[in-house]
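Report on the structure
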Amino acid sequence: MSVNATCPRCGNNRVVELGTPVIRIGKTRGLRVKVKECVNCSLIYYEKYET
Ligand SMILES: [Zn+2]
């Protein structure tokens, strides 16, 4: 699925969203994030999920 986003490394806007998992912070907290992959340079990064 292609999303409206820009790669923070190469500036390409062909970015796909891989999913929205919950990552764990310490033992009790979790944070839902959006995981994205740049089609151009293969950078995988995530950002805070906001509804
Ligand atoms: Zn990139």
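Throughout what follows, the structure given in this document is the object of discussion. (Residues numbered from 1 in each chain as written. Predicted model: local features only at pLDDT ≥ 70, side-chain atom pairs only at ≥ 80, totals over all residues.)

1. As for the overall build of the protein chain
On a plain count of helices and strands, the protein chain comes out with 0 helices and 5 strands. When the 51 residues of the protein chain are sorted by exposure, 6% land in the buried category. For the protein chain, long-range pairs separated by at least 24 residues make up 30% of all intrachain contacts whose partners lie at least 6 apart in sequence. (Helix = DSSP H or I, 4+ residues; strand = E, 2+ residues; numbered from the N terminus. Buried ≥ 20, exposed ≤ 12 C-beta atoms within 10 Å, placed from the backbone. Contact = placed C-beta atoms within 7 Å.)

2. Some remarks on the pairing of strand S4 (residues 29-38)
With 4 bridges joining them, strand S2 (residues 15-19) and S4 adopt antiparallel strand pairing. Note on S4: the bridge partner recorded for Gly-19 is Val-35. The turn joining S4 and strand S5 (residues 44-48), which pair antiparallel and follow one another in sequence, is formed by 5 residues; a positive phi near 70° is taken by Ser-42. (Pairing = 2+ DSSP bridges.)

3. Details of the environment of Gly-26
Here Gly-26 lies in the loop between strand S3 (22-25) and S4. Separated by 18 residues in sequence, Gly-26 and Pro-8 have C-alpha atoms that sit 26 Å apart.

4. Description of unusual backbone geometry
Of note in the backbone geometry, Ser-42 takes a positive phi value of approximately 70° without being a glycine. Relative to the assigned elements, Ser-42 resides in the loop between S4 and S5. Given 10 C-beta atoms within 10 Å, Ser-42 falls into the exposed group.

5. Quick look at the pairing of S2
Judged from the 2 bridges that link them, strand S1 (residues 2-3) and S2 form a sheet pairing that is antiparallel. Residue pairing for S2: Ser-2 is matched across the bridge by Val-16.

6. Describing the environment of Val-22
Positionally, Val-22 belongs in strand S3. When the C-alpha atoms of Val-22 and Lys-34 are compared, they prove to be 9.0 Å apart, with 12 residues separating the residues in sequence. Every residue in contact with Val-22, bar those within four places of it in the chain, is listed here: Gly-30, Leu-31 and Arg-32.

7. A few points about the environment of Cys-41
By the element assignment, Cys-41 lies in the loop between S4 and S5. Once the C-alpha coordinates of Cys-41 and Ile-23 are considered, the two residues, 18 residues apart in sequence, prove to be 24 Å apart.

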